[in-house]
Amino acid sequence: MALSGIEHSESVDPIVERSTWDVAVDLVGLTKPNVTFMNLVVVLGAYALAGGRADPAHLTLLCLGTLGIVGSAGAANMVMERESDKLMARTAGRALPRGRLSAVQAVAFSAALGVASIPLMLAVHWTVCVLGLAAWFGYVCVYTPMKRRHPSALIVGAVPGAVPPLMGWAAATGGIELGAVLLFGLLVAWQMAHFLGIALYRVDDYRRAGLKTVAVVRGVETAKREAMAWAVAQLGISLLLVATGLVGWLYGVVALALGGWMLALAVEGLKEESKQPWARRFFLSSVIYLPVLIGAMALDAML
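First, a word on what this report is: a plain description of the structure on this page. Keep in mind that this is a model prediction, so the values were computed, not measured.

## Let's talk about the overall build of the chain
Line of reasoning, step 1. Secondary structure assignment for the chain yields 16 helices and zero strands.
Line of reasoning, step 2. With the C-alpha coordinates aligned to their principal axes, the bounding extent of the chain is approximately 55 × 50 × 30 Å.
Line of reasoning, step 3. Burial analysis of the chain (303 residues in total) assigns 48% to the buried set.
Line of reasoning, step 4. Considering only residue pairs separated by 6 or more positions, the chain has 74% of its internal contacts joining residues 24 or more positions apart.
Line of reasoning, step 5. Put simply, the chain shows about 13500 Å² of open surface, and 68% of that area lies on carbon and sulfur atoms.

Right under this line is the structure:
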């Protein structure tokens with residue numbers, strides 16, 4: 001499969017005779033829709049937990065502003081990584097590596113989304129706008145280039161990636177309180193476990209692309225130990241939300257079950273000799289973890 005992806009990346013699709021629909025689909029793809037949607041879910045979950053008002057206009061501005069700034073960051077990241085994406089099986093088919101879009105088109109799209117998001121976020125609250133722009137800068141200008149230099153880029157990237165709950169909380173309250181800080185910490189821990197999982201699962205891809213992940217630089221066993229440590233932190237922080245009274249029993253049961261599942265998988269990984277089958281299971285568990293946990297949090301807040 002990996003070799004097939006490399007072979008395909010050696011040719012490009014000509015940017016000719018493409019319908020408006022095809023171009024639009026590829027432009028949307030630049031925003032990393034799955035990641036963008038997950039960020040929106042986290043923002044709305046934090047908004048609900050903070051007691052945000054059910055104002056359709058306010059929520060619409062928050063959603064559109066979030067989609068714009070996150071999508072802009074994703075597109076900028078894809079422009080900067082278009083050459084390394086050609087070398088990775090999971091990314092070689094993207095629009096930029098395949099030549100279906102030009103870098104100029106992608107930069108213009110990213111800039112348009114980013115600029116359009118600013119008045120939308122300001123209309124929600126100035127704090128939301130500051131947080132969104134800071135996250136964009138950290139992700140695009142610090143984390144993305146750092147990935148080729150040092151494995152500590154992972155924790156650097158986890159910081160802007162954990163800003164969405166702060167945005168959602170600020171949208172509801174106009175500030176940042178204990179609940180927002182705990183959600184921020186939870187998102188940092190989750191991202192670390194999640195990306196260590198995918199870096200272990202795709203370690204050959206990352207090595208080929210020259211990206212300095214923990215598994216590539218420090219070895220698979222070190223990455224597994226770090227994944228377990230972050231799974232412990234994730235479980236602990238998720239239960240602190242219950243201990244502080246911010247959420248109730250429904251969320252607590254779900255957090256304990258999901259966090260315990262991921263921790264058990266992380267411990268299993270220390271005993272697993274073959275890295276890829278286990279890493280795939282651990283990575284998929286992290287994909288399931290966050291939307292289910294946020295859903296439980298939002299439901300708990302409404303009860």
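## Some details on the packing of helix α8 (residues 126-146) against helix α10 (residues 164-173)
Packed helices, taken two at a time, are described by the angle their axes make and the gap between the axes.
Line of reasoning, step 1. Viewed as axis vectors pointing N to C, α8 and α10 meet at an angle of 170°, and their least axial separation amounts to 8 Å. With respect to α10, the axis of α8 lies roughly antiparallel. Only Leu166, Met167, Ala170 and Ala171 of α10 make contact with α8, whose side of the interface consists of Thr127, Val128, Leu131 and Gly132.
Line of reasoning, step 2. A per-class count over the contact of α8 with α10 returns six nonpolar, two polar and no charged.

## Focus on α10
Line of reasoning, step 1. Most of α10 sits out of view: eight of its 10 residues are buried.
Line of reasoning, step 2. Buried within α10 are the following residues: Pro164, Pro165, Leu166, Met167, Gly168, Trp169, Ala170 and Ala171.
Line of reasoning, step 3. Glycine 174, located one to two residues past α10, shows a positive phi value of around 85°.

## Details of the environment of methionine 146
Line of reasoning, step 1. By the secondary structure assignment, methionine 146 is in helix α8.
Line of reasoning, step 2. Its relative accessible area of 22% is what places methionine 146 among the partly exposed residues.
Line of reasoning, step 3. Residues methionine 146 and leucine 211, spaced 65 residues apart in sequence, show a C-alpha to C-alpha distance of 9.0 Å.
Line of reasoning, step 4. Apart from residues no more than four positions distant in its own chain, methionine 146 is found in contact with Ser152, Ala153 and Val156.

## A few points about the pattern of salt bridges
Line of reasoning, step 1. Counted by the stated rule, this structure contains 10 salt bridges.
Line of reasoning, step 2. Across the pair arginine 53 and aspartate 55 runs a salt bridge, and its minimum N-O distance is 3.5 Å.
Line of reasoning, step 3. A residue is classified by how much of its surface remains accessible, and arginine 53, at 46% relative accessible area, is partly exposed.
Line of reasoning, step 4. A salt bridge links glutamate 81 to lysine 147; the shortest N-O distance between them is 2.8 Å. A residue pair is termed long-range when its members are at least 10 positions apart, and glutamate 81 in the loop between α4 (56-80) and α5 (82-85) and lysine 147 in the loop between α8 and α9 (153-161) qualify at 66 residues.
Line of reasoning, step 5. By relative accessible area, which is 7% here, glutamate 81 ends up buried.
Line of reasoning, step 6. For lysine 147, a relative accessible area of 15% puts it in the buried group.

Criteria and cut-off values
- Residues numbered from 1 in each chain as written.
- Predicted model: local features only at pLDDT ≥ 70, side-chain atom pairs only at ≥ 80, totals over all residues.
- Heavy atoms only, no water.
- Helix = DSSP H or I, 4+ residues; strand = E, 2+ residues; numbered from the N terminus.
- Buried < 20%, exposed > 50% of the residue type's maximum accessible area, 1.4 Å probe, protein only.
- Contact = heavy atoms within 4.5 Å.
- Areas by Shrake-Rupley, 256 points an atom, 1.4 Å probe, with all protein chains shown as cover.
- Axes fitted to C-alpha atoms, helices over the stretch in contact; angles between N-to-C directions.
- Parallel < 35°, antiparallel > 145°, perpendicular 65-115°, else oblique.
- Nonpolar A, V, L, I, M, F, W, Y, C, P; charged D, E, K, R; others polar.
- Salt bridge = Lys/Arg side-chain N within 4 Å of Asp/Glu carboxyl O.

Remember, this is a structural readout, not a statement about activity or role.
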